[in-house]
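As a plain string of letters, each chain reads:
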Amino acid sequence: MLDLKLLVLLLAAIAIGWWLGRLESRRHARHQHRSSPLSRDYFVGLNYLLNEQPDRAIETFVQALEVNSDTIETHIALGNLFRSRGEADRAVKIHQNLLARPSLTALQSDQVQLELSRDFLHLGLLDRAERLLLGLLRASPDSARLKPAKLLLVDLYEREREWAKALEVAQPQLIHEEADIRRAAAHWLCELAQQDRHTASPALARKRLRQALSIDDRCVRANWLIAELEREAGNYKAEIRTLQRLARQDHDFTPIVLEPLRDAYLKLEDEKGLVRCLNQWVSEAPHISTVIMLARLTEQHEGINAAANVISNQLAATPSLRGVDYLMDLYIAEAGPEQQHFSLLKRHTGKLLESRPRFRCHRCGFEGAHLHWQCPRCRSWGVTKPITGLEGE
Ligand SMILES: [Zn+2]
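Residues numbered from 1 in each chain as written. Predicted model: local features only at pLDDT ≥ 70, side-chain atom pairs only at ≥ 80, totals over all residues. Heavy atoms only, no water.

Under the annotation held in an unreviewed UniProt entry, the protein chain carries the name Lipopolysaccharide assembly protein B and is attributed to Modicisalibacter zincidurans. Heading Subcellular location (unreviewed entry) of the UniProt record for the protein chain holds this comment: "Cell inner membrane". What UniProt records for the protein chain under Function (unreviewed entry) is the sentence "Modulates cellular lipopolysaccharide (LPS) levels by regulating LpxC, which is involved in lipid A biosynthesis. May act by modulating the proteolytic activity of FtsH towards LpxC. May also coordinate assembly of proteins involved in LPS synthesis at the plasma membrane." (UniProt positions renumbered as here; feature names shortened; annotations may be inferred.)

A. Inspection of the packing of aromatic side chains at higher detail. Summed over the entire model, instances satisfying the criterion amount to 2 aromatic pairs. Each ring, one from tryptophan 163 and one from tryptophan 381, has its centre 5.7 Å from the other, and the planes form 80 degrees; the classification is edge-to-face. Residue tryptophan 163 is found in helix H9 (residues 163–170), and its partner tryptophan 381 is found in the loop between strand E2 (367–368) and strand E3 (384–386); the two are separated by 218 residues along the sequence. The two residues tryptophan 163 and tryptophan 381 agree in class, both being buried. The interplanar angle of 15 degrees and the centroid separation of 6.3 Å between the aromatic rings of phenylalanine 253 and tryptophan 373 together place this pair among those described as stacked. (Phe/Tyr/Trp six-rings, centres within 6.5 Å; stacked < 30°, edge-to-face > 60°. Helix = DSSP H or I, 4+ residues; strand = E, 2+ residues; numbered from the N terminus. Buried < 20%, exposed > 50% of the residue type's maximum accessible area, 1.4 Å probe, protein only.)

B. Spatial organisation of the layout of surface pockets. Empty space within the largest pocket amounts to approximately 700 Å³. Of all the elements in the fold, those that place two or more residues in the lining of the largest pocket are helix H15 (254–267), helix H16 (271–284), helix H17 (288–302) and helix H19 (321–334). Of the residues belonging to the lining of the largest pocket, the class tally is 15 nonpolar, 3 polar and 11 charged. (1 Å grid on protein atoms, 1.4 Å probe; cavity = no way out; pocket = protein on both sides within 12 Å on 5 of 7 lines; lining within 4 Å. Points joined across faces, edges and corners; volume = space filled by probe spheres on them. Nonpolar A, V, L, I, M, F, W, Y, C, P; charged D, E, K, R; others polar.)

C. Broad picture of the coordination of the zinc ion. In this structure, Cys361 (SG), Cys364 (SG), Cys375 (SG) and Cys378 (SG) serve as the protein donors to the zinc ion, at separations of 2.3 Å. Around the zinc ion sit 4 donor atoms; with metal-centred angles ranging over 105 to 113 degrees, the donor geometry is tetrahedral. Within one chain, the residues donating to the zinc ion are spaced in sequence as C-x2-C-x10-C-x2-C. Residue cysteine 364 is found in the loop between strand E1 (359–361) and E2, and its partner cysteine 378 is found in the loop between E2 and E3; the two are separated by 14 residues along the sequence. Cysteine 364 sits in the partly exposed class, given a relative accessible area of 27%. Using a relative accessible area of 28% as the deciding quantity, one classes cysteine 378 as partly exposed. (Donors = N, O, S within 2.8 Å, 3.2 Å for Na, K, Ca; no water. Tetrahedral: all angles 85-135°; square planar, octahedral: opposite > 155°, others 65-115°.)

This is the structure we're talking about:
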């Protein structure tokens, strides 16, 4: 029975057959030749394929398809087809075979080297991919058509966590032209700042973070790290200002900012300031986590009923599982003999909340319990956010 791999090969065979047919009809038109060794090779290859001998089939097809300016694209496409099927080692053979031809134009040679780099990347041969790409870029560093080579090299340095090298390649063209690279570059600077913070100096880390914000003013992580540096230095007022800036950058991050914000205000013994800030945030974006923090403060000063009122009003406007869970805490604290009913319900909401992911990638939908600045599935930077609303926070 033909499996999927063979089916792909068969499709490739049909594509090659079509090419050969085209070449043949041209030759016939030009020279009126009758027989053709190419078509014989093609049918030999097809025979190998049908006998489930894909390796010999590929060799025959590659031999059958004479390399010339008409068939170069087909050879490249055949290699790419194998790579996309997870057979990058075969793609390497085909692309290397092409590269050995002296008849390639400079443009074609660049194209084949680019595909060969992709094959190497696919196989995890990062050193070989890097050498090829650097050679390509060195030959014509400012050429616009080498943008794909720059993008590949950036991808390679990202995999190796070589943030400074990635920045060097991306500056200035890719950062200027590609929104994804711009967002990523701000994160590379954050990665470098993290390293400097421990190995060099906080001052250098701050410089990197300011640079990150100048590249991408929506980079929440840069403000998150600046806030950490301020906290470490004991500058709580500056930490609060930075966290407020962060919440303004993206309201969705409010839930993770609340705890450090509260701690900083309490270090300054300024609870009134905290309440003022929370009230303002609730009026701008009524996240249940903010309302719960306000209700807890109300509970301390005005009692359980006042806190229950704060939460109930909010739940009437926007339902939330975490809000219901907190409301039950309040009822349990106040209830007498009926307490066990609430406790039972609370166990259910507790389990529901535990099973919910806290963060979601807005690019690929990956969900998890931790905030990844780079999504582990789709590798996009800065697109994972806290889940807010009904089941979130
Ligand atoms: Zn993702």
